[in-house]
Each structure stands twice: as structure tokens, then as C-alpha cells.
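Tertiary structure, described
Each chain, written out:
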Amino acid sequence: GEKVVLCGHSAGGWLARAVLSDGGCKTCEMISALVTLGTPHYPGPMDMTRGALTYTSEKFPGSFLRSSGIAYITVAGDSVKGEQNAPSGDIKRRAYVSYELVCGNGNTFGDGCIPIEFSHLEDSTQITLSEVRHSVDTLDEWYGTLENVGRW
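Residues numbered from 1 in each chain as written. Predicted model: local features only at pLDDT ≥ 70, side-chain atom pairs only at ≥ 80, totals over all residues. Heavy atoms only, no water.

**Some points on the packing of helix 1 (residues 11–21) against helix 3 (residues 52–59)**
- It is the contact of helix 1 with helix 3, at a shortest axis distance of 10 Å, that shows an interaxial angle of 50 degrees. With respect to each other, helix 1 and helix 3 are oriented oblique. In terms of crossing hand, the pair formed by helix 1 and helix 3 is left-handed. Facing W14, R17 and A18 of helix 1, the residues of helix 3 in contact are A52, L53, T56 and S57.
- Split into classes, the residues belonging to the contact of helix 1 with helix 3 amount to four nonpolar, two polar and one charged. (Axes fitted to C-alpha atoms, helices over the stretch in contact; angles between N-to-C directions. Helix = DSSP H or I, 4+ residues; strand = E, 2+ residues; numbered from the N terminus. Parallel < 35°, antiparallel > 145°, perpendicular 65-115°, else oblique. Left-handed = near helix turned anticlockwise from the far one by under 90°. Contact = heavy atoms within 4.5 Å. Nonpolar A, V, L, I, M, F, W, Y, C, P; charged D, E, K, R; others polar.)

**Observations regarding the pattern of salt bridges**
- Counted by the stated rule, this structure contains three salt bridges.
- We note a salt bridge from D123 to R66, for which the minimum N-O separation is 3.9 Å. Of this pair, D123 sits in the loop between helix 5 (116–119) and strand 6 (125–129) while R66 is found in the loop between helix 3 and strand 3 (71–77), placing the two residues 57 residues apart along the sequence.
- With a relative accessible area of 48%, R66 lands in the partly exposed category.
- Ionic pairing is found between R133 and E141, a salt bridge with its closest N-O pair at 3.7 Å.
- On the accessibility criterion, R133 (21% relative accessible area) is partly exposed.
- Owing to a relative accessible area of 25%, E141 belongs among the partly exposed residues under this scheme. (Salt bridge = Lys/Arg side-chain N within 4 Å of Asp/Glu carboxyl O. Buried < 20%, exposed > 50% of the residue type's maximum accessible area, 1.4 Å probe, protein only.)

**Things to note about the side chain of D111**
- When you line up the elements, D111 lands in the loop between strand 5 (109–110) and helix 5.
- Buried within the structure, D111 lacks any salt-bridge partner; its nearest side chain of opposite charge belongs to R133, at an N-O separation of 8.5 Å. (Lys, Arg positive; Asp, Glu negative; His and termini not counted.)

**So, the sheet that holds strand 3**
- One open sheet holds the four strands; their spatial order is 1-2-3-6, and the pairing between them is parallel. Of all strands in the sheet, those with a lone pairing partner are strand 1 (4–9) and strand 6, marking the two edges. On average, adjacent strands in this sheet sit at an angle of 15 degrees to one another, irrespective of strand direction.
- As paired strands, strand 2 (residues 31–37) and strand 3 are joined by five bridges and run parallel to one another. What sits directly across from V35, in strand 3, is I73. (Pairing = 2+ DSSP bridges.)

**Concerning unusual backbone geometry**
- One non-glycine residue, S10, lies in positive phi territory at about 60 degrees.
- In the Ramachandran plot, R50 falls in the positive-phi region, its phi being about 60 degrees despite a non-glycine side chain.
- The residue R50 is located in the loop between strand 2 and helix 3 in this model.
- Among the residues examined, R50 registers a relative accessible area of 84% and is labelled exposed.

**Observations regarding the pairing of strand 3**
- Of all seven residues in strand 3, six are buried; the element is thus mostly enclosed.
- Taken together, strand 2, helix 3 and strand 3 form a β-α-β motif whose crossover is right-handed.
- Across five bridges, the pairing between strand 3 and strand 6 is parallel. For T74, the partnering residue across the bridge sits in strand 6 and is Q126. (Right-handed = clockwise from strand over helix to strand, strands pointing away.)

Rendered as C-alpha cells:
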């Protein structure tokens, strides 16, 4: 049969990566690529997954199955710079808090939830999109809009 492309958004991206990496030879026969959208690929200073992301990052680092023919494409957004002193409720303030939790640095760029540097895997095709947000509550700016899908 034909191979498929797995696509995961946010935690779905690293969970797909974990399942893919632990699948053995059959995985390479069935999957051609993994595309992740706004995925936190690294555990950061406080692994909020109770160790699951740390385990995945250590046991299956970077684009683990790339040498077996599986392509890895990581897509990040750079639409929001976190700002600690932004007004309460402002997207820049919410981004600061989220980035701080994810990577320990709130004063960086990302998609409003996940900072760019934690969205890209080593040895992956890395795509960073402007004007893209993490959440589906911003439907016209989300990774999955028809316009944005065409960009990755």
C-alpha cells in the first residue's frame, strides 16, 4: 500500500513522534513523513508531561528515523513575542507566561503558546511561518487554515 504522512498539532506532534519512533521496521514501511505544527519537542526546565517528553527526547532524539527514510517537518509560528509587562489579558503577556513555562524564557518569539526554538527538531526540515498562531480560537491565523497549510 501507499505510505501516509502523520501530522500532529501541539502535544499531538510529540506524541506522534514518540509512537513513530517506537514502532520498529513496520513504521518505516507505512509512514513517509511526520509533520508537527507548534509542537513542544523538548521538556524544558519543568517537564509538564511528568517525564514523558524527557523520555522521548532522550530515547528518540531529533529526527530519529530520518536515516530510515522518514522525513521530519517541523512548523513553528513567529507571530507573537512574549512581553512580561504587557497588559493583563494581552496576547503578548499570555505568550510570555506560556514561553516561560515551556522553555524558561518568556521574552522570545513563537506562536503565542510554543516558542520557536522548542518547535523545531534537529535534522528536520524547519519551517517558521509569520502571522501564524497556536490556537484554533484564532481560526484565520491557525496553522490549519487552507492558506497556511499551503505554506507548509
